[in-house]
Amino acid sequence: MAVRYRCRHCEVEMGTLPFDADETIRKLHQFEIGEIDDYIEKNERGETTVHSICEHCEESLRQFPDYYALKKWLQ
């Protein structure tokens, strides 16, 4: 199964790894205990999605740091 990278704010798909790389993802991204469930999602079909942040949303957060306090700041 492929691994998809999606922005956790605007839901745009940023890229796809064409192979199953669950263990590699866990090693690449340095997650704290309990954080992994916030960023990596596996659906009932076995597809893995990594919720990250796109360049556009990252720039917006840089300009408006108060948005960090909001769980979902795009409507």
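Anyway, here's the lowdown on the structure attached to this text.

Criteria and cut-off values
- Residues numbered from 1 in each chain as written.
- Predicted model: local features only at pLDDT ≥ 70, side-chain atom pairs only at ≥ 80, totals over all residues.
- Heavy atoms only, no water.
- Helix = DSSP H or I, 4+ residues; strand = E, 2+ residues; numbered from the N terminus.
- 1 Å grid on protein atoms, 1.4 Å probe; cavity = no way out; pocket = protein on both sides within 12 Å on 5 of 7 lines; lining within 4 Å.
- Points joined across faces, edges and corners; volume = space filled by probe spheres on them.
- Nonpolar A, V, L, I, M, F, W, Y, C, P; charged D, E, K, R; others polar.

1. Some thoughts on unusual backbone geometry
Inference 1: One non-glycine residue with positive phi stands out, namely Glu11, at about 70°.
Inference 2: With respect to the helices and strands, the residue Glu11 is situated in the loop between strand S1 (3-7) and strand S2 (13-17).

2. A closer look at the layout of surface pockets
Inference 1: Of the volumes computed, that of the largest pocket is approximately 240 Å³.
Inference 2: For the lining of the largest pocket, the leading source of residues is helix H2 (residues 36-39), giving three residues.
Inference 3: Class assignment of the residues belonging to the lining of the largest pocket gives a composition of four nonpolar, one polar and four charged.

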